[in-house]
Amino acid sequence: MSEDIVDILIVGAGASGAAFAWSMADTRMRIVCLDQGDWTNPADYPSNATNWESQSFGPYHIDPNVRGLDTDYPVNNEESDVTVVNFNGVGGSTILYGAHFPRLHPSDFRVNTLDGVADDWPLSYDTLDPYFALNDRVMGVSGLAGDPMYPPKQPPLPPLPMGLVGETVARGFNKLGWHWWPSDSAIISQPYEGRDKCLNLGPCLSGCAQGGKSSTDITYWPEAIRRGVELRTRCRVKEITLRDDGFADGVVYFDADGNECFQRAEVVVMACNGVGTPRILLNSKSENYPDGLANSSGMVGRNLMFHPCGFAQGIFEERLDSHKGPAACCILSKQFYETDLERGFVRGYNMQVTRGSGPLTTAMTGYLSGTIPWGEGHQEAFAKRFDHVASVGIICEDLPEAHNTVTLDPELTDSDGIPAPKITYRYSKNSLDMLSHGMDRAEEALRAAGASEVVRSAPLAQSGWHLLGTARMGNDPETSVVNSWGRSHDVKNLFIIDGSIFVTSGAVNPTSTIQALSLYIADNMKKNLTSLFD
Amino acid sequence: MSSIITSDHPLSVPRQKSLNALLDTLIPASSDGNMPSATDVGFELYLQTQADELLPILRKILEDIGDDFPDQTREAQQDIIRHFSATNGEVFQAVLTRVYDCYYQNDAVRRKIGVVAGPLFPQGNTLEPGDLSLLDPVIAHSDQHEYRKPD
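Within every chain, residues take consecutive numbers counted from 1 along the sequence as written. Following the order in which they are written, the chains are lettered starting with A and the ligands numbered starting with 1. Side-chain atom pairs in this predicted model are given and counted only at pLDDT of 80 or more, local residue features only at pLDDT of at least 70, and totals for whole chains, interfaces and linings cover all residues. In computing side-chain properties, one takes all heavy atoms of the structure into account and sets aside hydrogens as well as water.

Quick look at the overall build of chain B
- Across its full length, chain B holds seven helices and zero strands.
- A helix here means a DSSP run of H or I that spans at least four residues, while a strand means a run of E at least two residues long, and both kinds are numbered starting from the N terminus. Starting at the N terminus and ending at the C terminus, chain B contains elements arranged as α-α-α-α-α-α-α.
- Compactness check: chain B gives a C-alpha radius of gyration of 23 Å against a globular reference of 15 Å for 151 residues, more than 25% above the reference.
- Counting only C-alpha atoms and orienting by the principal axes, one finds that chain B spans roughly 75 × 35 × 35 Å.
- It only takes one pair of heavy atoms within 4.5 Å for two residues to be counted as in contact. The contacts in chain B between residues at least 6 apart in sequence include a share of 63% that link residues at least 24 apart.
- Note on areas: these come from Shrake-Rupley sampling with a 1.4 Å probe, and a residue is covered only by the protein chains present in the view. Surface summary for chain B: the accessible area is close to 7,600 Å², and the carbon and sulfur share equals 48%.
- Residues counted as positive are Lys and Arg, residues counted as negative are Asp and Glu, and His and the chain ends are not counted. Charge positions are represented by NZ for Lys, CZ for Arg, CG for Asp and CD for Glu. Between the averaged position of the 12 positive side-chain charges in chain B and that of its 23 negative side-chain charges there is a distance of 3 Å. Both definitions apply: the radius of gyration is a C-alpha atom measure, and the globule rule equals 2.2 Å times residues to the power 0.38.

Below, the structure is given as structure tokens:
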């Protein structure tokens, strides 16, 4: 057992951990971050090889259970409508994410006040606004100012090309009189901070060989490390231990050789996402916390939120160059983002226009959906669809429900023997009604844009990117895990900065808001260093 | 490279003939002759690089469809494969995935369908910028699209 003690110990080097480390580096304190994964080498990403598409079905698969790297941990999804997808390593899931980068809306922080459901957040959009802007600058975000659906904001880079896909669907939205706008994207449209611009390779979800996609291994981390933060890879945290006075003492972890190690710390910061964080907290049992650390409220692992989603794919007569360009980043519509009870559900959804797939994915999904046969007719059906598609994704707000949980699996473990997370999650009627409405509207938009055929896929099971709500923030220690700046109500030198502290999910991809929150929490800690534990 | 039958092939000569017929049945050439059949894209080479995983499932399907498969009519060949896929769904999907993978990473095929041959990086793609004046109606009606105030 080492007596070496660090000032701040961050667990997890993904979206939130990287932003937090970068911000706290100002303090010149001794900061160490542990991550169970490795650095990824952009030269290894699939786009460097001829078989770039098939690699996304294997070593770069989004599902850790399929990918099965020794840096991954298994997830039991058997009792869940949604499968957890992620990446474990420096950069976390930003390595494989689509980089669609909208912020939560001002109304998302006040859903109880506005709509009488769930709870309000203990902070507001205005509180986070400067941190959203700071994060946009450091990550490198492309977008267009002036979207009336948000308070004024200025992305640092011009928008990504809409391409024929974006133009075509935009015309459909215009026919219907609906809102649309170029998406904010964490992909650089011009050279920026030593990185070259996006090359429109297409398969962002298997890593960006060009470095045009803003994953935190190439944005926050290089500067944080230059400024003194120590990042240790292949360190898998098992549990957080406590001192006699009830403060966190440090963490027990396994190194790359499987040796059990201990790292003491003055402050422990959890940044492992909405599944990884409750997993470690629940595994940190002690006499005072028999149900897991920081869990006197019973809320650790509860209120798991994904974003129920589906896709409608329109087939067009004209060629749209669908496989070119960032797959997930094009344009969006917030026409149905806010509550209208006449629709039969509360809250709303985002319409995310996405581009098409590569040829292998097109052929295989065509086979599985029965739209592109093998054998006679294959060539004709493939030619009709490949590069002739535009899709509208429906991303629904998922309201918190206590019975949707992350718990510890009694049998399944990772390669170090740490219990795996078990997901228990079912769609609510509200979510399914919302999704059904959204799929109808997606088809309506694609038909208005000229689609001759629309293929619908909903709900999508393998879609659990957004892992939210399992250690929620709030002012009441009886109903929340952390306070309004991420500090545990129970353990005053334990902080949580990832998506698990979301009170509600909004209906947009959460990374921008997760990072703004982590920068906000870091700023609060810096401003209150002398009274941090009061 | 088309339909090569060699003595050092991991499959017997009859099985090689069945493999070629299988490939041609799964992805036949296009009727206008523009797109090649799956027999014409170097599957033998692909098989060499994927032998450990691919050979067992190939042997399974080739054994099942029989050595007289090449002598059947196209219609009969399709019926035989349909029957195999109905009774051995997992193996069939694995074989089909590999055949598609080989076919759609072939440089000639990619060029014909408008995809970068070889690795995507560093060549990349050019994308139409898009006409931002399409936003004019949204901006003109921005009062109808204004964000919901939180209080």
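That covers the picture; the talk isn't over yet.
Considerations on the confidence of the model for chain B
- What pLDDT expresses is the predictor's confidence in each residue, scored from 0 to 100. Of all residues in chain B, 95% have pLDDT values of 70 or greater, and the mean over the chain is 94.
- Mean pLDDT values for the elements of chain B range from 93 in helix α2 (residues 43–49) of chain B up to 98 in helix α7 (residues 136–140) of chain B.

Looking at the environment of Asp-245 of chain A
Residues and elements named next belong to chain A.
- Residue placement: Asp-245 occurs in the loop between β6 (236–242) and β7 (248–254).
- Burial status follows relative accessibility: with a 1.4 Å probe on protein chains alone, a residue under 20% of its type maximum counts as buried, one over 50% as exposed, and anything between as partly exposed. For Asp-245, a relative accessible area of 49% puts it in the partly exposed group.
- Residues Asp-245 and Leu-69 lie 176 residues apart in sequence; the distance between their C-alpha atoms is 39 Å.
- Between N or O atoms, a polar contact is any pair within 3.5 Å; within protein, one atom must be a potential hydrogen donor and the other a potential acceptor, and residues adjacent in sequence are included only when both atoms are from side chains. At 2.8 Å, the side chain of Asp-245 and the side chain of Arg-243 are in polar contact.
- Among the polar contacts listed, one links the side chain of Asp-245 to the backbone nitrogen of Phe-247, at a separation of 3.0 Å.

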